[in-house]
Amino acid sequence: QVQLVESGGGLVQAGDFLRLSCAASGRAFSSYAMGWFRQAPGKEREFVATIVRSGGYTYYADSVKGRFTISRDNAKNTVYLQMNSLKPEDTAVYYCAATDRVVTDDLRWYNYWGQGTQVTVSS
């Protein structure tokens, strides 16, 4: 198993940036592809970004493409989400998750989840 703990959320203004971190412990971090998801009030949890085990391939939701960047440091057992040019519609609880799949944007394939971190973007 792997345990995930997110951090870095907060309240920012539109146009600002934030960097989320997700620290992993337990089973070898580098054996998992990692993903970021988010859930706004009253909405379903949605895919944001994913990165393969080596970090050599990333994939993004259209809504964040060009503004968000996912990365990982396997030596530090940490995955990051750099969020630039934030918009009010980015307001949500952000979750990191781990999957045994090579790469997927389907949350049903993610086995392990963090507790989430709140991101609020004011207009």
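Check the entry above for the structure.
What this report covers is the structure whose coordinates are included nearby. Model, not experiment: these values are computed from the prediction. (Residues numbered from 1 in each chain as written. Predicted model: local features only at pLDDT ≥ 70, side-chain atom pairs only at ≥ 80, totals over all residues. Heavy atoms only, no water.)

**Regarding the state of the cysteines**
Working definition: the covalent bond between the sulfur atoms of two cysteines is a disulfide.
Phase 1: Scanning the entire structure with this criterion turns up one disulfide.
Phase 2: At a sulfur-sulfur separation of 1.9 Å, the disulfide partner of Cys22 is Cys96. Given an S-S torsion of about 45 degrees, the disulfide between Cys22 and Cys96 has right-handed geometry. One end of the pair, Cys22, is in strand β3 (residues 18-26); the other, Cys96, is in strand β9 (residues 92-99), with 74 residues separating them in the sequence.
Phase 3: Accessibility expressed as a relative area gives 0% for Cys22, which makes it buried. (Disulfide = S-S within 2.5 Å. Helix = DSSP H or I, 4+ residues; strand = E, 2+ residues; numbered from the N terminus. Buried < 20%, exposed > 50% of the residue type's maximum accessible area, 1.4 Å probe, protein only.)

**Observations regarding the nonpolar core**
Proteins that are soluble and globular tend to have nonpolar side chains buried together.
Phase 1: With 35 residues, the main nonpolar core has Leu4, Met34, Trp36, Val79, Leu81, Met83 and Tyr94 as its most contacted residues.
Phase 2: Here Leu4 is in contact with Cys22, Ala23, Ala24, Met34, Cys96, Ala97, Ala98, Tyr112, Trp113, Gly114 and Gln115, once residues within four sequence places are set aside. (Core = buried A, V, L, I, M, F, W, Y, C linked by side-chain atoms within 4.5 Å. Contact = heavy atoms within 4.5 Å.)

**Structural notes on unusual backbone geometry**
The phi angle of most residues is negative, glycine excepted, and most peptide bonds adopt the trans form.
Phase 1: Its identity is not glycine, yet Asn77 carries a phi of approximately 55 degrees, on the positive side.
Phase 2: With respect to the helices and strands, Asn77 occurs in the loop between β7 (68-73) and β8 (78-83).
Phase 3: Asn77 sits in the partly exposed class, given a relative accessible area of 31%.
Phase 4: Phi at Ser85 is positive, roughly 50 degrees, even though this residue is not glycine.
Phase 5: Position of Ser85 relative to the elements: it lies in the loop between β8 and β9.
Phase 6: With relative accessibility at 42%, the residue Ser85 sits in the partly exposed group.

**Section: the pattern of salt bridges**
Phase 1: Throughout the structure, instances matching the rule amount to five salt bridges.
Phase 2: Across the pair Glu46 and Arg38 runs a salt bridge whose closest N-O atoms are separated by 2.6 Å.
Phase 3: For Glu46, a relative accessible area of 36% gives the class partly exposed.
Phase 4: As a salt-bridge pair, Arg38 and Asp90 come within 2.9 Å of each other at their nearest N and O atoms. Taken together, the residues span a long stretch of sequence, with Arg38 in strand β4 (residues 33-39) and Asp90 in the loop between β8 and β9 at a distance of 52 residues. (Salt bridge = Lys/Arg side-chain N within 4 Å of Asp/Glu carboxyl O.)

**Some details on the pairing of strand β1 (residues 2-7)**
One face of the sheet, then the other: side chains in a regular strand alternate in exactly this way.
Phase 1: Burial along β1 is one-sided: the face carrying Val2, Leu4 and Glu6 is buried and the face carrying Gln3, Val5 and Ser7 is not.
Phase 2: Here six bridges tie β1 to β3, and the two strands are oriented antiparallel to one another. Looking across to β3, one finds that Val5 is bridged to Ala23. (Pairing = 2+ DSSP bridges.)

**So, the sheet that holds β1**
Phase 1: Strands sit in the order β1-β3-β8-β7 across an open sheet of four strands; the sheet is antiparallel. What marks the edges here is a single partner per strand, and that holds for β1 and β7. Strand-to-strand twist across the sheet, computed as the mean angle between neighbouring axes with direction ignored, equals 15 degrees.
Phase 2: In the sheet, β3 pairs with β8 via six bridges, with the strands oriented antiparallel. Bridge assignment links Cys22 to a residue of β8, and that residue is Val79. (Axes fitted to C-alpha atoms, helices over the stretch in contact; angles between N-to-C directions.)

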